[in-house]
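So the chains spell out like this:
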Amino acid sequence: MNAGNQRRVFWAVLVAMALGGFLLSLLTGPVKTTFGDLVDLIRQYDRVQAAIFLDLRLSRAVLAFLVGAALSLSGAILQGYFRNPMADPFVVGVSSGAALGAVAALSLGIRFAAFGFSGQGLMAFASGLGIVSLVYLLSLRRGDFRVETLLLTGIAAGALASALTSFLLFMRSDSFDQAVFWLLGSFQLAEWPQVGAVAPWFALGLLLAVWLARDMNLLALGDEAARALGCPVATVRKVFLGVATLLAALSVSVSGIIGFVGLVVPHWVRLLIGPEHRRLFAGASLAGGTFLLYCDLLARTLLPSELPIGVITAAVGAPFFLYLLHRKR
Amino acid sequence: MLKIEDLSAGYENGFVVRNVRLKLEPGEFVAVLGPNGSGKSTLIRAALGLLRNARGAVLLGGRETAAMGRREVAREIAYVPQLPDPVFDFSAGEIVLMGRYARQGRLDAVTAGDAEAVREAMKATDTLAFKDRKLSRLSGGERQRVFIARALSQDTPVLLLDEPSLHLDINYQAEIYGLLKALQIREKKSILVAEHNINLAAAHSDRLLFLKDGAIAAEGTPRETVTAANIRAVFGADVDIRANTRTGVPEISLAAAESRR
């Protein structure tokens, strides 16, 4: 199969899987529903059915899809940014930083809500952005900026944030359930306002990433070579770091830390359709969304009580990842 | 074409090259020679305006490159860096297409002109046959040719290369320099290479520039500059010089110390 055909198959399968995932999500839940009920709802509006299908299930499916897409896009950007396929939102400290904010809000008992976010979500978002800004400032040495320094500073700051999070949880052992929500992720609390809060930012991030995709292709072969080819490297890097951070912080603030998506999905997609970044950004977004949609389905159906989604993403993602790696050798 | 005036340039810890002057005429082939650390690569990078710590001027057709945008410079000078390790496995064709960056709008689709330039560049470098192959599947020589093709698709009058023969087997070294020579003659490219192999540079260049500790130690045609005295002064090596049997261009050979007695 040549590269063009393989890509067409990739897109066709992915779109079909995404649509199938949405349909399955709509039909799955504690209340028994059939496809017929869904068709009835489309024919004639019914308040109870609408509440089940649209407010409970569709909002959750859309949020899971958006968060998966955002995390995967963030990972794809950071892997290109660091020229390292092992990079993900954890390496710049944004995920751990955001979780720290959420858990701090939890243990301080902060309760308010704004812009569709809970107080904890807002704290998560702010501390995720804050920690990356701090990491960035610490990596500036004499006005000069090195990607390697950023990477190491990010990992260190992330570890520190994780330690503080663990400490806060240890001191407040009564809030265990909520802590699990932030540390392993869940869409149990999904609602339309959260979708509204995430969607425009994701759209903006995807637009910027696709707009600068050619620049990212050049960066993959070295900053100097990129500049020699005409790329405004410093500006492009700032935009990409900002977008990747925003997407990851936003994701954590609505659904907690969901690991593995940002690392593995862009990697899969690159193996399947190649490293060209315009295709990769679009493909990783769609694949990440679809992946998380199915993971969420598993999380809520596998056991009588709901599993944290982070458990599923790792358990499903890791073996598939290993398979793909070995298939290529 | 390209004029370097009193250029001093280097990195955080100070200048590596000092007060270098160099003029690259249209259609001329010049090689910068010198031992490791003498500043060959630094000179090439500084000529491209890639170093922040630089003093002096680089002029392109009379205009200072420092005052030009990166895109504008990229339409005049193409650069072939030392072979990078590809982290992400682009295909040869995708790499060559990157040369078109400075002539594309950010959201433009690949135009017929871009495709044509890529095809021409790959034909000239004999890489068209593996356009869709991944870079990791290519040999060092093939990979080097792909990066030269990328520089050609940039469609610039000036070509700068940083040690194009490094890490290549001798058959590939000959191949790459043969290709560069053909580009100089057929396409009237002005070519500046940093090179460590004296014989390779002497056989293909119109002029040589010897750098020692970042300063010009000798400059002139291969016949004028490839002398035992110059090589001793620049490299600290005792060599025998003889004329190439076919071309008459001087060549060095490293005589074993024993045989010198």
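Below you will find a few notes about this structure.

Rules and cut-offs
Residues numbered from 1 in each chain as written. Chains lettered and ligands numbered in written order. Predicted model: local features only at pLDDT ≥ 70, side-chain atom pairs only at ≥ 80, totals over all residues. Heavy atoms only, no water. Pairing = 2+ DSSP bridges. Helix = DSSP H or I, 4+ residues; strand = E, 2+ residues; numbered from the N terminus. Contact = heavy atoms within 4.5 Å. Axes fitted to C-alpha atoms, helices over the stretch in contact; angles between N-to-C directions. Buried area = accessible area lost by both parts, 1.4 Å probe. Salt bridge = Lys/Arg side-chain N within 4 Å of Asp/Glu carboxyl O. Polar contact = N/O pair within 3.5 Å; in protein donor to acceptor, adjacent residues only side chain to side chain. Nonpolar A, V, L, I, M, F, W, Y, C, P; charged D, E, K, R; others polar. Expected span 1.5 Å × (residues − 1). Buried < 20%, exposed > 50% of the residue type's maximum accessible area, 1.4 Å probe, protein only. Phe/Tyr/Trp six-rings, centres within 6.5 Å; stacked < 30°, edge-to-face > 60°. Lys NZ or Arg CZ within 6 Å of the ring centre and 35° of its normal.

In any sheet, the strands associate via hydrogen bonds between backbone groups, in a parallel or an antiparallel arrangement. Residue and element names in this part refer to chain B. Strand order in the open sheet formed by 4 strands is β2-β1-β4-β5, with antiparallel pairing between adjacent strands. A strand with exactly one partner marks an edge of an open sheet, and here the two such strands are β2 (14–24) and β5 (63–64). The sheet contact formed by strand β1 (residues 2–11) and strand β4 (residues 53–60) spans 7 bridges and is antiparallel. Residue Glu5 lies in a different strand from β4, and its bridge partner there is Ala57. In the packing of helix α1 (residues 40–47) onto the sheet, the strands contacted are β1, β2 and β4, and the crossing angle to β1 comes to about 115°.

Residue and element names in this part refer to chain A. By the secondary structure assignment, Leu241 is in helix α11 (residues 233–255). Put simply, Leu241 and Glu148 are 93 residues apart on the chain and 14 Å apart in space, counted from C-alpha to C-alpha. Excluding anything up to four places from it in sequence, Leu241 contacts Leu78, Tyr81, Val92, Val132, Tyr136 and Leu150.

Listed by partner, the interface residues are 35 residues for chain A and 34 residues for chain B. Here chain A and chain B share an interface that buries about 2800 Å² over both sides, 59% of which is from carbon and sulfur atoms. When the area that chain A buries against chain B is broken down by residue, the three leading residues are A:Arg214, A:Leu221 and A:Leu229, summing to 26%. Applying the counting criterion to the chain A and chain B interface returns 3 salt bridges. A salt bridge links A:Asp215 to B:Arg106, with the shortest nitrogen-to-oxygen separation between them at 2.8 Å. Linking chain A with chain B are 10 residue pairs in polar contact (both at pLDDT 80 or more). If you list the elements that add at least two residues to the side of chain A that touches chain B, you get α3 (47–81), α8 (192–211), α9 (213–219), α10 (223–228) and α13 (277–301) of chain A. For the side of chain A that touches chain B, the residue count by class is 14 nonpolar, 8 polar and 13 charged.

Residue and element names in this part refer to chain A. Look at α13: 35 Å from first C-alpha to last across 25 residues, which is about the 36 Å you get at 1.5 Å a residue. Within α13, 19 of the 25 residues are buried, leaving the element largely enclosed by the surrounding structure. The backbone nitrogen of Arg278 lies 3.2 Å from a side-chain oxygen of the residue at the head of α13, namely Glu276.

The next point concerns the packing of aromatic side chains. Scanning the entire structure with this criterion turns up 6 aromatic pairs over all chains. Centroid distance A:Phe240 to A:Phe281: 5.9 Å. Interplanar angle 50°. Geometry classified as tilted. With a gap of 41 residues between them, A:Phe240 in helix α11 and A:Phe281 in helix α13 connect regions that are remote in the sequence. A relative accessible area of 1% means that A:Phe240 is categorised as buried. By relative accessible area, which is 0% here, A:Phe281 ends up buried. If you follow A:Arg237 out to its NZ or CZ, it ends over the ring of A:Tyr81, 4.6 Å from the centre. Taking the ring centre of B:Tyr101 as reference, the NZ or CZ of B:Arg71 above it sits at 5.2 Å.

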